[in-house]
Amino acid sequence: MERTFAIIKPDAVQSRYTGRILQCIEESGFTIRAMQMRRLSVTEAEGFYDVHRARPFFGSLTQFMSSGPCVVMALEAEHAIARWRMLMGATDPAKADVATLRKEFGASIEHNATHGSDAPETAAYELGYFFPGIEFSK
Ligand code: ATP
Ligand code: MG
């Protein structure tokens with residue numbers, strides 16, 4: 001079993017897609033081990049997306065991510081990191097496969113509904129950042 005870190009981003013929460021996305025998550029075989037609705041500060045969004053600091057969209061992205069509440073989650077499944085990335089689809093919803101969350105719920109390359117860790121190291125870091133010290137229930 002593997003755990004990954006996932007976010008339902010502010011655009012999807014604002015559009016009332018939270019319930020439908022959670023249903024997809026559970027129907028796709030993930031177990032939600034932790035979940036919280038919270039609004040990131042700009043500083044938290046900047047820290048979270050620090051790898052993108054030099055990109056031209058960094059300011060816009062961090063404003064967007066702190067623009068309203070999001071849902072942060074720990075998801076568990078076999079190969080959870082890769083499987084969650086597959087369920088999300090390509091970063092740009094216009095390029096995402098049908099039956100992916102970003103195709104269904106994303107509005108643009110920036111407002112793309114969900115986040116998922118991209119490697120075991122980032123999953124461990126992001127889970128620790130958002131759920132410090134948590135004992136994930138079994
Ligand atoms: P995430 O890290 O959110 O799971 P990702 O790994 O598919 O997405 P990244 O390249 O890490 O994509 O980009 C992080 C986020 O930055 C994207 O999800 C999207 O919200 C935003 N983003 C990426 N590329 C662009 C772009 N060209 N213009 C605007 N926003 C972008
Ligand atoms: Mg990424």
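In what follows, the structure referred to is the one given above.
Only a predicted model underlies this, so the values are computations on that prediction, with no experimental measurement involved.

Q: Please clarify how the site of ligand 1 should be interpreted in this entry.
A: Around ligand 1 sit 13 residues, and of these Tyr-49, Thr-91, Glu-110, Asn-112 and His-115 come closest. Between ligand 1 and Tyr-49 there is a distance of 2.6 Å, counted from an oxygen atom to a side-chain nitrogen or oxygen. Taking Gly-116, its main chain carries an N or O atom lying 3.1 Å from an oxygen atom of ligand 1. When the free accessible area of ligand 1 is taken as 580 Å², the share hidden by the protein chains comes to 81%.

Q: Help me out: how do you make sense of the sheet that holds strand β3 (residues 70–77) in this one?
A: Hydrogen bonds between backbone atoms are what pair the strands of a sheet, whose relative direction is either parallel or antiparallel. Sheet architecture is open: four strands sit in the order β2-β3-β1-β4, paired in antiparallel fashion. Looking at strand neighbours, the two that pair on one side only are β2 (31–38) and β4 (114–116), the edges of this open sheet. Pairs of neighbouring strands in the sheet enclose a mean axial angle of 20°, with direction left out of account.

Q: For this particular structure, what's the right way to read the packing of aromatic side chains?
A: Each pair of aromatic rings is reported with the distance of its centres and the angle of its planes. If you walk through the whole model with that rule in mind, you get nine aromatic pairs. Between Phe-5 and Phe-131, the ring centres sit 6.4 Å apart and the planes meet at 65°, which makes this aromatic pair edge-to-face. With a gap of 126 residues between them, Phe-5 in strand β1 (residues 2–8) and Phe-131 in the segment after α7 (120–130) connect regions that are remote in the sequence. Aromatic side chains Phe-30 and Trp-84 sit 5.9 Å apart centroid to centroid with 85° between the ring planes, which places their arrangement in the edge-to-face category. With Phe-30 in the loop between α2 (18–27) and β2 and Trp-84 in helix α5 (residues 80–88), this residue pair connects regions lying 54 residues apart in the sequence. Both residues of the pair, Phe-30 and Trp-84, count as buried.

Q: Help me understand the nonpolar core, please; the structure alone is not making it clear to me.
A: The nonpolar side chains of soluble globular proteins are, as a tendency, buried together. The biggest cluster of nonpolar side chains holds 19 residues, and the ones touching the most others in it are Ile-8, Ile-21, Ile-25, Phe-30, Met-73, Leu-75 and Trp-84. With residues near it in sequence (within four places) discarded, Phe-30 still touches Ile-25, Leu-75, Glu-76, Ala-77, Ala-80, Arg-83, Trp-84 and Leu-87. The next biggest cluster of nonpolar side chains, apart from the first, holds 18 residues, and it includes Leu-40, Phe-48, Met-65 and Leu-127.

Q: Looking at this structure, how should I read the pairing of β3?
A: Across the eight residues that make up β3, a large majority, eight, are buried. Burial along β3 is two-sided: Cys-70, Val-72, Ala-74 and Glu-76 facing one way and Val-71, Met-73, Leu-75 and Ala-77 facing the other are all buried. Pairing of β1 with β3, which is carried by seven bridges, proceeds in the antiparallel orientation. Across the sheet, Phe-5 pairs through a bridge with Ala-74, a residue of β3. For β2 and β3, the ladder comprises seven bridges, and the chain directions are antiparallel.

Q: What's the story with the environment of Asn-112 in this structure? I'm lost.
A: By the element assignment, Asn-112 lies in the loop between α6 (101–105) and β4. Distance from Asn-112 to Asp-92, taken between C-alpha atoms, is 7.0 Å for residues 20 residues apart in sequence. Setting aside chain neighbours within four positions, we find Asn-112 in contact with Lys-9, Asp-11, Thr-91, Pro-93, Arg-102 and Gly-106.

Q: Any chance you could explain the pattern of salt bridges here in plain terms?
A: For side chains of opposite charge, pairing can occur when their charged atoms come near one another. Taken as a whole, this structure holds five salt bridges when the rule is applied. Across the pair Arg-33 and Glu-76 runs a salt bridge, and its minimum N-O distance is 3.1 Å. Taken as a pair, Arg-33 in strand β2 and Glu-76 in strand β3 lie far apart in primary sequence, 43 residues in all. Connected via shared salt-bridge partners are Arg-3, Arg-33 and Glu-76.

Analysis parameters
- Residues numbered from 1 in each chain as written.
- Chains lettered and ligands numbered in written order.
- Predicted model: local features only at pLDDT ≥ 70, side-chain atom pairs only at ≥ 80, totals over all residues.
- Heavy atoms only, no water.
- Near = heavy atom within 4 Å.
- Polar contact = N/O pair within 3.5 Å; in protein donor to acceptor, adjacent residues only side chain to side chain.
- Areas by Shrake-Rupley, 256 points an atom, 1.4 Å probe, with all protein chains shown as cover.
- Pairing = 2+ DSSP bridges.
- Helix = DSSP H or I, 4+ residues; strand = E, 2+ residues; numbered from the N terminus.
- Axes fitted to C-alpha atoms, helices over the stretch in contact; angles between N-to-C directions.
- Phe/Tyr/Trp six-rings, centres within 6.5 Å; stacked < 30°, edge-to-face > 60°.
- Buried < 20%, exposed > 50% of the residue type's maximum accessible area, 1.4 Å probe, protein only.
- Core = buried A, V, L, I, M, F, W, Y, C linked by side-chain atoms within 4.5 Å.
- Contact = heavy atoms within 4.5 Å.
- Salt bridge = Lys/Arg side-chain N within 4 Å of Asp/Glu carboxyl O.

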